[in-house]
Amino acid sequence: MKILKKGMNAKGNKRMWDEYYSNSLVEQDFDRLVKKNKLDHPYAREVFAACKKGDRTLEFGCGKGTMSALLAMHRHAKPTLVDFSPTAIRYAKKLFHRAGVKGRFEVCDFTKMPFPDESFDLAYGKGVLEHVPGYETGMRRGLKEIRRVLKPGGRVVFTVPNSWRPDGNRFFMRALKADYIQYDFSVAQAERICEELGFVVEKKFGDGVFYITPGELIRFFKVDKLVGKRLPLVENKELRAEARANSSPLWRANQKYFVFLNWLNKKVVPPAELGLMFGLRIRKPEE
Ligand SMILES: C[S@@+](CC[C@H](N)C(=O)[O-])C[C@H]1O[C@@H](n2cnc3c(N)ncnc32)[C@H](O)[C@@H]1O
């Protein structure tokens, strides 16, 4: 189950994310993810369903912070955003400013957060727990810390890549010779870890967020920069429509591959979703 190569380390992780966010544009993302209100994504829907009006929320590994911005805008949530990448937090602050909402921001490792016990009603993180060094022990460390800062009855929504995804996360990790850590989990394995840590798994399902398209690979290898063209990720309907309208053969190939994965995922091997999503609540003492 473990993908740990020579060269894959936490430093590589941090460096990679720092670079990634320093290349992102707030305006572009604001229009795409916030202004157009991207609540049709299964993860966003789940986080919204778990968030009550005015909740104190924690986004661990927040990246650009769009999920929290949406909660602040539409649920009057009081979000705290944590990421160990300073460029991510800088970015998220700009996004919040642009959205006209308030949040608390902290550059820190989410497995060691500077918050008192029982500070939050809800915690959420998409694509984060799989990056904690140590595989199962890493995920445990992360979830244990999240549990500590949650109030009794607190809820968690998170996603991780599925070990059994049909396009082979591990294959890509190896092929990319990645300098950063990304583990994958089976449903039973992640569920066992959550239960061991005192959570009740209320929901578990695929979230379909971990498509790796040729466009992403091209961006990863910076080929787009070499040819002087920036390729956005093809990850939702709007972008797919944009891709269709784009005349570049590269775009079309990317689009076709995405559609193929979607089909493979949904029709051929439905149980093997690419990403897994879990909805948890803290187990009550009497349970
Ligand atoms: C795949 S990105 C996901 C970002 C965001 N959740 C999203 O959905 O766009 C993973 C994020 O987790 C952050 N991260 C990874 N390990 C972390 C850790 N131990 N502490 C804090 N942030 C971490 C990275 O800096 C990066 O922003």
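The notes below deal with the structure included here. As the structure is a prediction and not an experimental result, all values here were calculated from the model. (Residues numbered from 1 in each chain as written. Predicted model: local features only at pLDDT ≥ 70, side-chain atom pairs only at ≥ 80, totals over all residues. Heavy atoms only, no water.)

1. A look at unusual backbone geometry
Here's step 1: Despite not being glycine, H76 shows a phi value in the positive range, around 50°.
Here's step 2: Mapped onto the elements, H76 comes out in the loop between α4 (66–75) and β2 (78–83). (Helix = DSSP H or I, 4+ residues; strand = E, 2+ residues; numbered from the N terminus.)

2. Section: the site of the ligand
Here's step 1: Taken together, 15 residues surround the ligand, and among them Y21, G61, D83, D109 and K126 come closest.
Here's step 2: Between the ligand and D83, the relevant distance is 2.6 Å, taken from an oxygen atom to a side-chain nitrogen or oxygen of the residue.
Here's step 3: A distance of 3.0 Å separates a nitrogen atom of the ligand from a polar atom in the backbone of F110.
Here's step 4: Within the complex, the protein chains bury 87% of what would otherwise be the 600 Å² of accessible surface of the ligand. (Near = heavy atom within 4 Å. Polar contact = N/O pair within 3.5 Å; in protein donor to acceptor, adjacent residues only side chain to side chain. Areas by Shrake-Rupley, 256 points an atom, 1.4 Å probe, with all protein chains shown as cover.)

3. Quick word on the pairing of strand β1 (residues 56–60)
Where a strand is regular, its side chains alternate between the two sheet faces.
Here's step 1: Taking burial as the measure, the 5 residues of β1 include 4 buried ones, the bulk of the element.
Here's step 2: Bridge count for β1 against β2 is 5 bridges, and the pairing is parallel. From the neighbouring strand, R56 faces β2, where its bridge partner is K78.
Here's step 3: Running through α4, the crossover from β1 to the neighbouring parallel element β2 is right-handed.
Here's step 4: Pairing of β1 with strand β4 (residues 120–126), which is carried by 3 bridges, proceeds in the parallel orientation. Note on β4: the bridge partner recorded for L58 is A123. (Buried < 20%, exposed > 50% of the residue type's maximum accessible area, 1.4 Å probe, protein only. Pairing = 2+ DSSP bridges. Right-handed = clockwise from strand over helix to strand, strands pointing away.)

4. Comments concerning the nonpolar core
Burial of nonpolar side chains together is a common tendency in soluble globular proteins.
Here's step 1: In terms of nonpolar packing, the biggest core is built from 34 residues, with L143 and F158 touching the most fellow members.
Here's step 2: Among the secondary structure elements, those contributing two or more residues to this core are β1, β4, α6 (136–149), β5 (150–161), α8 (187–196), β6 (199–206) and β7 (275–282).
Here's step 3: Beyond its immediate sequence surroundings of up to four residues, L143 is in contact with L129, F158, I193, C194, L197, F199 and L280.
Here's step 4: If you look at the next biggest cluster of nonpolar residues, it comprises 30 residues, including L33, L81, I89 and F96. (Core = buried A, V, L, I, M, F, W, Y, C linked by side-chain atoms within 4.5 Å. Contact = heavy atoms within 4.5 Å.)

5. Quick word on the packing of α4 against helix α5 (residues 86–99)
Here's step 1: Their axes nearest at 10 Å, the elements α4 and α5 cross at an angle of 25°. Considering the angle they form, α4 stands roughly parallel to α5. Relative to α5, α4 is oriented so that their crossing is right-handed. Together, T66, S68, A69 and M73 of α4 and L95, F96 and A99 of α5 make up the contact between the two elements. (Axes fitted to C-alpha atoms, helices over the stretch in contact; angles between N-to-C directions. Parallel < 35°, antiparallel > 145°, perpendicular 65-115°, else oblique. Left-handed = near helix turned anticlockwise from the far one by under 90°.)

6. Quick notes on the pairing of β7
Here's step 1: Here β7 lies mainly inside the structure; 8 of its 8 residues are buried.
Here's step 2: Side chains of β7 alternate between two faces, with G275, M277, G279 and R281 and L276, F278, L280 and I282 buried alike.
Here's step 3: Note: β5 against β7, 7 bridges, orientation antiparallel. When the sheet's bridge partners are listed, V160 is paired in β7 with L276.

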